[in-house]
Amino acid sequence: MTGSPSPSKRPVFAAVDIGASGGRVIAGQILDGMVTTEVVHRFDNGPVESPAGLRWDLTRLYDQVIIGLAELTRRYPDVIRIGIDTWAVDYGLLDSDGHLVEEPHSYRDSRTTDAVAAVHDRIDPAELYTITGLQFLPFNTIYQVVAEQTCPVWERVAKIVLLPDLLAYWLTGDLATDVTNASTTALMDATTRDWSDRLLEIAGLGRDLLPPIEPAGSVRGRITEAVAERTGLGTDVVVTTVGSHDTASAVAAVPATEKGFGYVSSGTWSLVGIETADPILTEASRAANFTNEGGVDGRIRYLRNEGGLWLLQESLRHWAKTGHDHDLGELLEQAAALPAGGPTIDVGAEEFIAPGDMPSRIGDACRRSGQAAPESPAAITRCVLDSLAAAYARTLHEATELSGQEVDRLHIVGGGSQNELLCQLTADATGLPVIAGPIEATALGNLLVQARSHGMVSGSLEDLRRIVAASSSLTRYEPVDRPRDL
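Residues numbered from 1 in each chain as written. Predicted model: local features only at pLDDT ≥ 70, side-chain atom pairs only at ≥ 80, totals over all residues. Heavy atoms only, no water.

### What about the sheet that holds strand β1 (residues 12–18)?
Working step 1: Strand order across the open sheet formed by six strands is β3-β2-β1-β4-β10-β9, with mixed pairing between neighbours. Every other strand in the sheet has two partners, leaving β3 (34–44) and β9 (219–222) as the edge strands with one partner each. Ignoring which end each strand starts from, the neighbouring axes of this sheet average 25 degrees apart.
Working step 2: Alignment of strand β4 (residues 79–85) against strand β10 (residues 238–240), held across three bridges, turns out to be parallel. If you follow Gly 83 over to β10, its bridge partner there is Thr 240.
Working step 3: In the packing of helix α5 (residues 163–172) onto the sheet, contacts are made with β1, β4, β9 and β10, and the angle to β9 comes to roughly 30 degrees.
Working step 4: Sitting on the sheet, helix α16 (residues 441–454) is in contact with β1, β2 (22–31), β3, β4 and β10, with an inclination near 140 degrees to β1. (Pairing = 2+ DSSP bridges. Helix = DSSP H or I, 4+ residues; strand = E, 2+ residues; numbered from the N terminus. Axes fitted to C-alpha atoms, helices over the stretch in contact; angles between N-to-C directions. Contact = heavy atoms within 4.5 Å.)

### Notes on the pattern of salt bridges
Working step 1: The tally for this structure, following the rule as stated, stands at 30 salt bridges.
Working step 2: For the salt bridge of Arg 452 with Asp 297, the shortest nitrogen-to-oxygen distance reads 2.5 Å. Taken as a pair, Arg 452 in helix α16 and Asp 297 in the loop between β13 (291–294) and β14 (300–307) lie far apart in primary sequence, 155 residues in all.
Working step 3: Asp 297 sits in the partly exposed class, given a relative accessible area of 39%.
Working step 4: Measuring nitrogen to oxygen at the nearest pair gives 2.6 Å for the salt bridge that ties Arg 409 to Asp 408.
Working step 5: Taking the relative accessible area as the measure of exposure, Arg 409 reaches 13% and is therefore buried.
Working step 6: One salt-bridge network, held together by shared partners, links Glu 38, Glu 71, Arg 74 and Arg 75. (Salt bridge = Lys/Arg side-chain N within 4 Å of Asp/Glu carboxyl O. Buried < 20%, exposed > 50% of the residue type's maximum accessible area, 1.4 Å probe, protein only.)

### Considerations on the environment of Gly 329
Working step 1: Topologically, Gly 329 is positioned in helix α12 (residues 328–337).
Working step 2: Exposure remark for Gly 329: the relative accessible area of 35% places this residue in the partly exposed category.

### Some thoughts on the packing of aromatic side chains
Working step 1: One pass over the structure, following the stated rule, counts eight aromatic pairs.
Working step 2: For the pair Tyr 107 and Trp 269, a centre-to-centre distance of 6.2 Å together with 50 degrees between the ring planes defines the contact as tilted. With a gap of 162 residues between them, Tyr 107 in the loop between β5 (91–94) and α2 (113–122) and Trp 269 in strand β12 (residues 269–276) connect regions that are remote in the sequence.
Working step 3: The exposure class of Trp 269 is buried, given its relative accessible area of 17%.
Working step 4: Aromatic side chains Phe 290 and Tyr 302 sit 5.0 Å apart centroid to centroid with 20 degrees between the ring planes, which places their arrangement in the stacked category. Within this pair, whereas Phe 290 is found in the loop between α10 (283–287) and β13, its partner Tyr 302 is found in strand β14, the two being separated by twelve residues in sequence. The pair Phe 290 / Tyr 302 is uniform in exposure class, with both members buried. (Phe/Tyr/Trp six-rings, centres within 6.5 Å; stacked < 30°, edge-to-face > 60°.)

### Brief notes about helix α15 (residues 420–430)
Working step 1: With respect to burial, α15 is a largely interior element, eight of its eleven residues being buried.
Working step 2: Looking only at α15, the buried set comprises Leu 421, Leu 422, Cys 423, Gln 424, Leu 425, Thr 426, Ala 427 and Thr 430.
Working step 3: Elements in contact with the buried residues of α15: β11 (261–266), α12, α14 (377–403), β15 (409–413), β16 (434–436) and β17 (475–477).
Working step 4: One or two positions beyond α15, positive phi appears at Gly 431, with a value near 70 degrees.

### A word on unusual backbone geometry
Working step 1: The residue after Gly 437, namely Pro 438, is reached through a cis peptide bond having omega 0 degrees.
Working step 2: Here Pro 438 lies in the loop between β16 and α16.
Working step 3: At Arg 193, a residue that is not glycine, the phi angle is positive and equals roughly 60 degrees.
Working step 4: You can see Arg 193 is positioned in the loop between α6 (179–182) and α7 (197–203).
Working step 5: According to the relative accessible area criterion, Arg 193 is partly exposed, its value standing at 23%.
Working step 6: The phi dihedral of Asp 297 is positive, around 60 degrees, even though this residue is not glycine.

### Observations regarding the packing of helix α1 (residues 58–75) against α5
Working step 1: Between α1 and α5, the least distance of the axes is 11 Å, while the angle of their chain directions is 55 degrees. Put simply, α1 runs oblique to α5. Considering how the two elements wind past one another, α1 and α5 form a crossing that is right-handed. Across from Leu 58, Tyr 62, Ile 66 and Leu 69 in α1, the residues of α5 making contact are Leu 163, Leu 166, Leu 167, Trp 170 and Leu 171.
Working step 2: Its residues assigned to classes, the contact of α1 with α5 shows nine nonpolar, no polar and no charged. (Parallel < 35°, antiparallel > 145°, perpendicular 65-115°, else oblique. Left-handed = near helix turned anticlockwise from the far one by under 90°. Nonpolar A, V, L, I, M, F, W, Y, C, P; charged D, E, K, R; others polar.)

### As for the environment of Ala 228
Working step 1: With respect to the helices and strands, the residue Ala 228 is situated in helix α8 (residues 225–231).
Working step 2: Here the alpha-carbon distance between Ala 228 and Ile 66, two residues 162 residues apart in the chain, equals 9.7 Å.
Working step 3: Beyond its immediate sequence surroundings of up to four residues, Ala 228 is in contact with Ile 223, Leu 233 and Thr 235.

### What to know about empty space enclosed by the protein
Working step 1: One pass over the structure, following the stated rule, counts four cavities of 30 Å³ or more.
Working step 2: A volume near 70 Å³ is recorded for the largest cavity.
Working step 3: Looking at the largest cavity, the residues that line it are Ile 84, Pro 164, Asp 165, Ala 168, Asp 178, Arg 220, Val 239, Thr 240, Thr 241, Val 242 and Ser 244.
Working step 4: Contributing elements (two or more residues each) for the lining of the largest cavity: α5 and β10.
Working step 5: Considering every element that reaches the lining of the largest cavity, the biggest residue donor is α5, with three residues.
Working step 6: A breakdown of the residues in the lining of the largest cavity according to their chemical character gives five nonpolar, three polar and three charged.
Working step 7: In this structure, the second largest cavity occupies an estimated 50 Å³ of space.
Working step 8: Across the lining of the second largest cavity, the residue classes tally to seven nonpolar, three polar and one charged. (1 Å grid on protein atoms, 1.4 Å probe; cavity = no way out; pocket = protein on both sides within 12 Å on 5 of 7 lines; lining within 4 Å. Points joined across faces, edges and corners; volume = space filled by probe spheres on them.)

Now the structure itself:
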């Protein structure tokens, strides 16, 4: 799907989509029942090493958002709404004057080790799961904020604000929290969809430290005059709450026209699962480490957070740092030529979370499990992709067993959908057809929730997905067979 210059006087929606490795500002329009997009600004992102640990340079990211909105306004004068999505769990700290206390910690920082033990001393993990329905991850927000309280800055903290909501606050001056991102914190009750008083007490937090929760599609507020001056936007432009967890927006844009589908939102991380009407809070679900995250329109994203293309991205960075640049396209061709049955690893293991020498860690993991370590970059690439495909198949199977739902096809959206080898390996591993695309699912979900809130489109989440399907170029991969265009 490609964008073209917008016809004059067509309403334009701006999607601010920021992931852990980069961000974009995207213009979207609804034309003849289809959505068109154009990326008007790109910028990089990544955790920054500091004496105080891994941080996000959120101030710089906000400046890039402003630059992107200014460029969008130059190309498309008729912008009416803005929606913001980012990754989950991380947050900024505001003082009583509404100023950022310090740049936010990155979830890849290792500071939560003691906090995990402290939280689990106060509440049994089984009880924690019955309230939140969340997969255990050592960087869940509850562990981060407990770790935060040992830092000198804590006495200055007046508000804890998740990152998309912090960006929206800087644009509008209004504070609230979207339910899809709040659901990832392990501070929200999965049944009531509000902050849990029990968990706030466990975490040592007053309710006044957290903004109120609102559903996707809510109007957050009008942009400030200062933002209007910097960007050229009109002061009547509003920020709309979308699925502010980027995976929530991506799942909202899965181009599934019928029920019975599974999905993988494949990028830096892989979010693998199904959609349910209600959370699944059983002990079997907890033991399988599945999560119940909030989706658009009150849906539940029942999934497991698996490792993703981060392992390959970090391997490429390591090779480049050591003077061995590799072209990803060539590596994928070489990896595809290797025979099946090579070594595999647990892509979700904690040892792969931090940046650094990923190839060595992959080799070590293979040797520990009694497998021969992949030696060449192509072999390491194939190991990562085989392991991802195996994880997708295993997770999808468990999701269907735990939920009782049947799945007859798998949608892969996001950056991983353009990796032909990964898609084919996944079809082979699951034994299911894989429908790949759209790449820009997160932005599409963001834009369509805005458009529906404004009245430009109407209907259910399924109706939004039909718009995505009609607007997107998709590729189908059959098990063993070669892919064919839909």
